[in-house]
Amino acid sequence: MGGEFTSVDGTTSTRLARLLPDGSLDPSFTASAANTVHALVVQPDGRILVGGAFNNVNGESRNRIVRLNDDGSLDASFNIGTGASNTVRCLHLYPDGRVMVAGHFNSYQGVTRSRALRLLSDGSLDLSFNTGPDFSSIDGNILALAVQPSGRVLIGGAFTNVDGVERARIARLMPSGELDLSFDP
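Attention here is on the structure that accompanies the text.

Reading the values: the criteria
- Residues numbered from 1 in each chain as written.
- Predicted model: local features only at pLDDT ≥ 70, side-chain atom pairs only at ≥ 80, totals over all residues.
- Heavy atoms only, no water.
- Helix = DSSP H or I, 4+ residues; strand = E, 2+ residues; numbered from the N terminus.
- Rg over C-alpha atoms; globule rule 2.2 N^0.38 Å.
- Buried < 20%, exposed > 50% of the residue type's maximum accessible area, 1.4 Å probe, protein only.
- Areas by Shrake-Rupley, 256 points an atom, 1.4 Å probe, with all protein chains shown as cover.
- Phe/Tyr/Trp six-rings, centres within 6.5 Å; stacked < 30°, edge-to-face > 60°.
- Lys NZ or Arg CZ within 6 Å of the ring centre and 35° of its normal.
- Pairing = 2+ DSSP bridges.
- Axes fitted to C-alpha atoms, helices over the stretch in contact; angles between N-to-C directions.
- Salt bridge = Lys/Arg side-chain N within 4 Å of Asp/Glu carboxyl O.

**Focus: the overall build of the chain**
Along its length, the chain carries zero helices and 17 strands. For 185 residues, the compact-globule estimate of 2.2 N^0.38 gives 16 Å, and the chain sits close to it at 17 Å. C-alpha atoms of the chain, sized along the principal axes, occupy 50 × 30 × 25 Å. With 185 residues in all, the chain has 45% of them scored as buried. Of the accessible surface of the chain, which amounts to about 8500 Å², a share of 49% is contributed by carbon and sulfur atoms.

Structure representation (structure tokens):
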């Protein structure tokens, strides 16, 4: 679990913890984040994707997204470089290991991306997913996302415009990142 907490049942656990089936704290999982955790996804292999407002995990610099091994240690094979420029609110894991990421950011690894991006399984930016022709086309924060079986991405949040088209807080993106004009709520 992740959040804003600093202890679980009287034991220090800073924003990350794992519970055993009986609800007690799992002492074999040791991870901590320097600020709020907003999103968690457990991969089929047991590794855990974590997104949030943090810039440090387990005492090491990690900007707002990280992958942990099943014991809570950092997965060094997931290379985020400089990471996201602001809070990550949502994560979705695709069956092929790619990761959909959404939130408050406007860049990832120094590359301009407007609040939504997709990563390859190693943490690098998936350049085949672009939100709009100028890469700054979502004018407010994304607070929720869902990926449909077709690969289209539903987003919800504090935005009113996507790709220059009015969209009041809900929109759908094509698998390539452009606004899906056939979905007009």
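**As for the packing of aromatic side chains**
Inspection of the entire model under this criterion finds zero aromatic pairs. Stacked on the ring of Y94, the Lys or Arg R98 has its end atom at 4.7 Å from the ring centre. Sitting over the ring of Y94, R118 keeps its end group 5.8 Å from the ring centre.

**Looking at the sheet that holds strand 13 (residues 142-147)**
Across the sheet, which stays open at both edges, the three strands sit in the order 13-14-17 with antiparallel pairing between neighbours. The sheet terminates laterally at strand 13 and strand 17 (170-173), the two strands that pair on one side only. Neighbour to neighbour, the strand axes of the sheet diverge by 20 degrees on average, direction disregarded. Looking at chain direction, strand 14 (residues 153-157) and strand 17 are connected through four bridges and run antiparallel. For V153, the partnering residue across the bridge sits in strand 17 and is L173.

**As for the sheet that holds strand 12 (residues 116-119)**
Read across the sheet, three strands follow the order 8-9-12 without closing on themselves; strand pairing throughout is antiparallel. This sheet does not close on itself; its edge strands, each paired only once, are strand 8 (88-93) and strand 12. For this sheet, the mean inter-axis angle between neighbouring strands, taken without regard to orientation, is 20 degrees. Bridge count for strand 9 (residues 99-103) against strand 12 is four bridges, and the pairing is antiparallel.

**A short note on the pattern of salt bridges**
This model, assessed by the stated rule, comprises eleven salt bridges. Among the salt bridges present, the one from R118 reaches D126, with a minimum N-O distance of 2.8 Å. Here the two residues R118 and D126 agree in accessibility, since each one is buried. Among the ionic pairs, R172 bridges to D180, the shortest N-O distance being 2.8 Å. Neither residue differs from the other here; R172 and D180 are each classed as buried. Look at the salt bridges and you will find they share partners, linking D45, R47, R67 and D75 into a network.

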